[in-house]
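Examination of the molecular architecture
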Amino acid sequence: AWSALIAAGIANLFAAFKGNENKKLMETDGLKERIGSVGNQFALTTLISFIVSLPFMYFKEGAKWGEFVTLFNENPIVRNNLLLSGLYFYGYNELA
């Protein structure tokens, strides 16, 4: 339980940092016109964050990938919960 609390605190710290950096980035002259909107900026930073985290995920949990794929394909509850939690998280961050 403590590790989950610490991980959530660290995640919130990085989310605040990302929001602060995004605000500074959007104040850059001409960037708003090139990116198009704040939604596009959020999508870009989300994709970049995901891509950067892939090596860490592979290093930490790569050995369990086959087990995860099997569970994802065979258990519709796990599949639906995973997909919906990702969509809700993205939607929450898009609207917040």
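All of these numbers come straight from a predicted model, not from anything done at the bench.

**Quick word on the packing of helix α1 (residues 2-26) against helix α3 (residues 38-61)**
Helix-helix packing: each pair is described by the crossing angle between the helix axes and the interaxial distance. Between α1 and α3, the shortest axis-to-axis distance is 11 Å and the interhelical angle comes to 130°. It follows that α1 is oblique to α3 by the angle criterion. Judged by the twist between their axes, the crossing of α1 over α3 is right-handed. In this structure, α1 contributes K18, N22, L25 and M26 to the contact, and α3 contributes V38, Q41, F42, T45, T46 and S49. Counted by class, the contact of α1 with α3 contains four nonpolar, five polar and one charged residues.

**Regarding the confidence of the model for the chain**
Mean pLDDT for the chain: 87, with 99% of residues reaching 70 or above. The secondary-structure element of the chain with the lowest mean pLDDT is helix α2 (residues 31-35), recorded at 79, while helix α4 (residues 65-74) shows the highest, at 95.

**Let's talk about the side chain of Q41**
Mapped onto the elements, Q41 comes out in helix α3. Leave out the neighbours within four places in its chain, and Q41 touches N22, L25, M26 and I35.

What counts and what doesn't
Residues numbered from 1 in each chain as written. Predicted model: local features only at pLDDT ≥ 70, side-chain atom pairs only at ≥ 80, totals over all residues. Heavy atoms only, no water. Axes fitted to C-alpha atoms, helices over the stretch in contact; angles between N-to-C directions. Helix = DSSP H or I, 4+ residues; strand = E, 2+ residues; numbered from the N terminus. Parallel < 35°, antiparallel > 145°, perpendicular 65-115°, else oblique. Left-handed = near helix turned anticlockwise from the far one by under 90°. Contact = heavy atoms within 4.5 Å. Nonpolar A, V, L, I, M, F, W, Y, C, P; charged D, E, K, R; others polar. pLDDT = per-residue confidence, 0-100.

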